[in-house]
Amino acid sequence: MNLHEYQAKELLKKYNVPVQEGIACGSVAEAEEAYRQIKNQYNNKFAVVKAQIHAGGRGKGSVQGNGQRGVAVAKSLDDITTIAGNLLGGTLVTIQTGAAGKVVNKVLVAQDVYYEGPNPVKEFYLSILLDRSRGQNVIMYSTEGGVNIEDVAHDTPEKIFKEWVHPGGPLQSFQARKIAFNLGLSGNAFKNAVKFVTNLYSAYVGLDCGMLEINPLFKTSDEKIIAVDCKMNIDDNALIRHPDLSNMRDLSEEDPTEVEAGKHNLNFVKLDGNVGCMVNGAGLAMATMDMIKLSGGEPANFLDVGGTANAQTVEAGFRIILKDPKVKAILINIFGGIVRCDRVAQGVIDAYNSIGNIEIPIIVRLQGTNADVAKKLIDESGLKVQSAILLSEAATLVNKAVA
């Protein structure tokens, strides 16, 4: 589950992680009032207005139609009115959204942290995620933070440092000091960085994050270390331990089809192909998508109905797949282990009758318990459904359907 920047920062503050303060706003009037509060509370000359979407690259992205950048500095109330007006309700296109972009429903009006002082300011990069190759959490960090971090990783990978932490224990003190040292910090900035990294790692573990990225990690002129931006992803499987976090989910940022699938407890991911697939089991689904490619088609989706497929789940799967106009055929690949094949076959027949006439070919491959009974049910149903038992048979039928 992805969180917006303003949501992630509120969570970080609970772990004593210093952040750039701001106020989330859903209207221009709210943004204007937030600017007044920010200016009075922090005595700032400027404020920063940031589009709140689940995508990176906002600083370089722009709104369709008016060209407004996703992150902009406002030097006056008039600036706030213009920037917020251009962002709210607009479609922001960034390198991570693709050409379709994302609609901006909220903006964050934040304090200016780039004020002048006795020491130079500096931007760093820091993120925490799981390194699956090692089975350990890894902290990746660099002295070259900011909007060009992708270029740094590509052109000068030696500037990206890594520190691995065993997931069964905390970040060790020497590791936090090593990170601060590699960032070139000293004095109070060094001490503040050690505290920051230690608390940030505690937040990563305590919140069951899948990924936590701070870019930029900022050293202010008075040697404070703060999170100016934050991208946070919570492990969906851990939400049972965090019922309060479930309320932070923004469904408007997610694919509507995937949201609908979730309501039926279906694991669904939309792809760009022409063959819809419905399978029971994630591993079998991956193998099915490989088979679709080998047979000349392209998978239109990943859809795992789980080990207890019935008429209701099959019907829901049908309806979700059929919403994609690119789909030329549907392949249902079921292995009858926990669930009997004849029950799935009956579920397919019932779902087909419930939905009505389906114009595209449907191939049903059933293998396992009562597969022969299931094939007979399909063949004698009178429906435009083709049955197969062997994977090679299903592949041949898919090839004919998309040819």
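Preceding block: the structure.
Predicted model, so just to flag it, every value in this text is computed and none were measured.

## Notes on the sheet that holds strand 2 (residues 22–25)
- As summarised here, the arrangement of the four strands in space is 2-8-3-5, forming an open sheet in which the pairing is antiparallel. The open sheet has two edge strands with one neighbour each: strand 2 and strand 5 (71–74). Pairs of neighbouring strands in the sheet enclose a mean axial angle of 25°, with direction left out of account.
- Judged from the four bridges that link them, strand 3 (residues 47–51) and strand 5 form a sheet pairing that is antiparallel. Looking at the pairing, Lys50 lines up with Val71 of strand 5.
- Strands in contact with helix 2 (residues 28–42) are strand 2, strand 3, strand 5 and strand 8 (107–111); relative to strand 2, the strand with the most contacts, it is inclined by about 175°.

## Re the nonpolar core
- One finds Leu12, Leu126, Ile139, Leu200, Met232 and Ile234 to be the most contacted residues of the largest nonpolar core, which totals 40 residues.
- Contributing elements (two or more residues each) for this core: helix 1 (5–13), strand 9 (122–131), strand 10 (136–142), helix 5 (173–182), helix 6 (187–206), strand 12 (209–219), strand 13 (225–227) and strand 14 (231–234).
- Broken down by element, the residue count for this core peaks at nine residues, all from helix 6.
- Ignoring any residue separated from it by four or fewer positions in sequence, one finds Leu12 in contact with Val17, Val19, Leu200, Ala203, Leu212, Ile214, Cys230 and Met232.
- Counting 34 residues, the second-largest nonpolar core is a separate cluster that includes Val305, Ile330, Ile334 and Ile349.

## Side note on the pairing of strand 8
- Most of strand 8 is tucked away, with five of its five residues classed as buried.
- Pairing of strand 2 with strand 8 involves four bridges; the strand directions are antiparallel. In the sheet register, Cys25 faces strand 8, and the bridge partner there is Val107.
- In terms of strand pairing, strand 3 meets strand 8 through five bridges, oriented antiparallel. Counted as the bridge partner of Ala47 is Gln111 from strand 8.

Cut-offs and rules
Residues numbered from 1 in each chain as written. Predicted model: local features only at pLDDT ≥ 70, side-chain atom pairs only at ≥ 80, totals over all residues. Heavy atoms only, no water. Pairing = 2+ DSSP bridges. Helix = DSSP H or I, 4+ residues; strand = E, 2+ residues; numbered from the N terminus. Axes fitted to C-alpha atoms, helices over the stretch in contact; angles between N-to-C directions. Contact = heavy atoms within 4.5 Å. Core = buried A, V, L, I, M, F, W, Y, C linked by side-chain atoms within 4.5 Å. Buried < 20%, exposed > 50% of the residue type's maximum accessible area, 1.4 Å probe, protein only.

The analysis is restricted to geometry; functional conclusions fall outside its scope.
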